[in-house]
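Observations on chain architecture
Spelled out, the chains give:
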Amino acid sequence: MNLISLKIIGKDYSEIMTHQYYKLLNNFQIGNTLITIGLFLFFINPTFISANEIPFKNYYQRIWQSEQGLPHNAGRSIVQTFEGYIWFGSQDGLVQFNGKSFTVYNKYNTPELKHNDITALLLSKDSSLWIGTFNGLTKWKAGNFSHHPTNAGREKEVIRTLAEDNDGNIWVGTMNAGIYKYKNGRHEYFSTDNGIACNFINSIAVDYEGNVWVTTLKGINVFRNYRWHFFHYNGNLQNNMGQEIYIAQDSSVWLGTNNGLMRWKNNAFKIYTTVDGLTDNVIRAIYQDKSGAMLIGTERGGVCKFSNGIFTSFRASDGLTSDFVDAVFEDNEGSIWVGTYTEGINQFVKSKFTNFSEKDGLPRATIRTLMQASDGIIWVGTEGGGVLKYDGKKFVALTQKDEMPNSFIRCLFEDSQKTIWIGTRDGLAHYRNGKIKIFGKKEGLEHTFIRAIVEDKRNHIWVGTVNGGVHRLENGKFVSYLNRGIPMHGIRAMHVDHNKAIWISGNEALIRLHEDSITTFTEKDGLPSEPIYSIYEDGINTLWLGTNGGGLVRYKDGKFTRYTYLDGLSDDVVYVILEDNYNNFWISCNGGIFRVSKSELNDFAERKISRIQSTFYDAADGMISNEVSGNSQPSGWKTKDGKLWFPALRGIVVVEPEKLHENVNPPPLIIEKAVLNSIEFQIPNNYMYVPPGEGRAMFQFAALTYASITKIQYKVKLDGFDKEWILLGPKNTAYYTNLPPGKYTFNVIAYNNDEAWNEISTSLEFELSKYFYQTYWFYGLLTLCFIVLIYGLYHLRVLRLIRKEQELKVRVDDALAEIKILGGLLPICSNCKNIRDDKGYWSQIEQYIKEHSEATFTHGICPDCAKKLYGPEWNQEN
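This section reports on the structure supplied with the text. (Residues numbered from 1 in each chain as written. Predicted model: local features only at pLDDT ≥ 70, side-chain atom pairs only at ≥ 80, totals over all residues. Heavy atoms only, no water.)

Here we take up the pattern of salt bridges. For the structure on display, the rule yields 23 salt bridges. Here Glu-299 makes a salt bridge to Arg-300, at a shortest N to O gap of 3.5 Å. What makes Glu-299 partly exposed here is its relative accessible area of 21%. When its relative accessible area of 48% is taken as the criterion, Arg-300 is described as partly exposed. With a shortest N-O distance of 3.5 Å, Glu-474 and Arg-484 are connected by a salt bridge. Placement of Glu-474 in strand 41 (residues 470-474) and of Arg-484 in the loop between strand 42 (477-480) and strand 43 (491-496) is noted, with a sequence separation of ten residues between them. Given a relative accessible area of 42%, Arg-484 falls into the partly exposed group. Where salt bridges share partners, they join Asp-280, Arg-284, Glu-299, Arg-300 and Asp-326 into one cluster. (Salt bridge = Lys/Arg side-chain N within 4 Å of Asp/Glu carboxyl O. Buried < 20%, exposed > 50% of the residue type's maximum accessible area, 1.4 Å probe, protein only. Helix = DSSP H or I, 4+ residues; strand = E, 2+ residues; numbered from the N terminus.)

Strand order across the open sheet formed by four strands is 30-57-56-55, with antiparallel pairing between neighbours. Sheet topology places strand 30 (354-356) and strand 55 (637-638) at the edges, where each strand pairs with a single neighbour. Note: strand 56 (residues 644-647) against strand 57 (residues 652-655), four bridges, orientation antiparallel. Among the inter-strand pairings, Pro-647 is bridged to a residue of strand 57, identified as Ile-652. (Pairing = 2+ DSSP bridges.)

This part covers the sheet that holds strand 7 (residues 118-123). Strand order across the open sheet formed by four strands is 7-8-9-10, with antiparallel pairing between neighbours. Strands at the two margins of the open sheet, each flanked by one partner only, are strand 7 and strand 10 (144-148). Averaged over all pairs of adjacent strands, the angle between strand axes in this sheet comes to 20 degrees, irrespective of strand direction. Bridge analysis of strand 9 (residues 136-141) against strand 10 gives five bridges, and the strand direction is antiparallel. Residue pairing for strand 10: Trp-140 is matched across the bridge by Phe-145. (Axes fitted to C-alpha atoms, helices over the stretch in contact; angles between N-to-C directions.)

With that settled, consider unusual backbone geometry. Here the residue pair Gln-633 and Pro-634 is connected by a cis peptide bond, since its omega of -5 degrees sits within 30 degrees of zero. Along the chain, the position of Pro-634 falls in the loop between strand 54 (614-617) and strand 55. For the peptide bond that leads from Ile-683 to Pro-684, omega is 0 degrees, which places it in the cis range. Within the element layout of this structure, Pro-684 appears in the loop between strand 59 (679-681) and strand 60 (687-690). The residue Ala-142 is not glycine, and still its phi comes out positive at about 50 degrees. Position of Ala-142 among the secondary structure elements: in the loop between strand 9 and strand 10. Assessed through its relative accessible area of 48%, Ala-142 is described here as partly exposed.

Written as structure tokens, this is what we have:
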């Protein structure tokens, strides 16, 4: 039997973190044997659960084993803490998973863990993670570990299970040492001396009335009104002392035993076994999902689901890695985690799409085209697998064995007479009332590779071929239109519009045939040069064209408007254009499917906005394949119920737009690591003072999501350095260099797979300290020293100048003392020209100057004296 759909409904994140939710987490410790679990994400090719199978419908599967990084191919304890981390217990330590990488804590790097074998995990109401090990109890809270010994007198205390009661007491079940009730460092010990059936404790649970339920190797106990009571059952309890106990949302108590599943409700027991639909009677895990269904992990029968009184299952034969299941858990995003004993961990992620594959009856072939006929039947054309009919339950194939001309189907069409036309690579098939009629070259088809079919207003069938142009069926024969005004050979798509005009696209142009008028549109009219793959007319008679690399084109009021990747489209290849009931286009392209608002497209064409927004979907959102099919007609279909069907490489993808609720809540965002000036600081940290250094910073962060981590995008901004937000894409590490000393705030935001950004950033404040020579006091001291130096140099120069002046004055005085100066008034005789000295004596001028100065004399005769002495005949030459 198959497990029915795990449709996630009910409480949101805030609701599940209520008091009741804590109790439900108390009992997630399972199994007798301590096994290994770790986690490292690696999902290049996720396995998709097909739509027609009941288990995990609309989920896709990821598998992690040792080849992908798990320390062991085993999974047991799984808990998600409040900030978003998922934790796993393993024999090699405690594993923390952030959606991209895992961190392992063990006794070597975490002294508070006294043993690497993690046996139990519990999330308590105060956000603490309690960790049971093979040697004692450890607590993790806000990044800090602390060890809490339960019995100092014992050399080793093996913990098997943990639970929390209404008063915040931690109940610790041990192997052969009874139970400890622990709070604030105080212990209260219970054993067989107090009335417990056995000191070997399997599981503990606390119900909504505060009663403590305990399963042991020898029976069930209930701690009520501070007394231990042995739980009596009128039936045969032999070998029913199982390993797991769980309190459901309706207060019923579920017991997993070696002989089936037991439910205690309304003071009555109900036992479920393989007779009732269980796949195995040995129960290893019990968990209730958000929809209220009970998920049961068995030892040899995989996962069973109990809902509405019916058991269904998902086993190794359905795709589970092992039938031996040790843990089942549902995270905050609705993913179901299944831990197996020897074959790793399975995660079932809720898909945005329904997928059909080989498991649903599709052949191992690429799906090329599909459509819905007027009777509701879905017709599917494949590449090599013929054509199939789907009635909502199963696919039935028509191949060459059914007289089909070829199994390579490229187009489908239903005419006004309810006849199905099937275009193949080797002719055209006419299907009516279960009978097939073939049209080929004998019937006038000059080329038999058919790629498009339409019906005109006179009920004539037109077909477009790959290399033979357009043909029309006239009186049972096809007539070529290559010589009738339609010269195109390679036909891509055809469409009859509201005016009954036939639009024909090919490799060369776009042609409109209306009555006897033919209009050709080319690149000169505004069309891109690339071939047109699809033609769609909306409800207001606007024509939309999908091209092979030229983007999307709108034709309205005689004008073409083009939209490309640069304008906001997710891709420039447009295979098919489907319109949902909410005014959105869904467009298949090379790498997936994207959605864009038709209103935005019209606003862009009318220049009301400068850019459009599109949302892209691929395998990370649950599509069976990133590669969808195109270049056939039709390459997608909107069915009567509003669903959108797309052919793909490995199957069919179906979108239900009315059920496709976007995740408007961005993922929790954590700064995990900060290295500043080569020093790693502990996170979280309110404010970090960083010693002087080279001005380098590294920050590592993670958006704690486990559904579509490849869609996560990050933006960072360092206040005090960056002026704008910096888009990092999926990179979760930011580096800075050459930061000057100062105060900074590092901010990071992220968006999820539906592009919902965090409105409030996650921040980290720090201050880069300065070297002494970078401080203000050092700058002030340096400035003062400079001023003092300048003043000293100036003063020294002044002193030197003064000293030089004094030296010069002495030298001048000495010189003046030695120099005989001729000065003052010189009394001279007007006749003989003798000079009277200061003593009153008259002497010749020559003698006077000689005595009163350093001047010396040479003698000559002037012309006047020469004339007087020698007569007028004397001249200077004599």
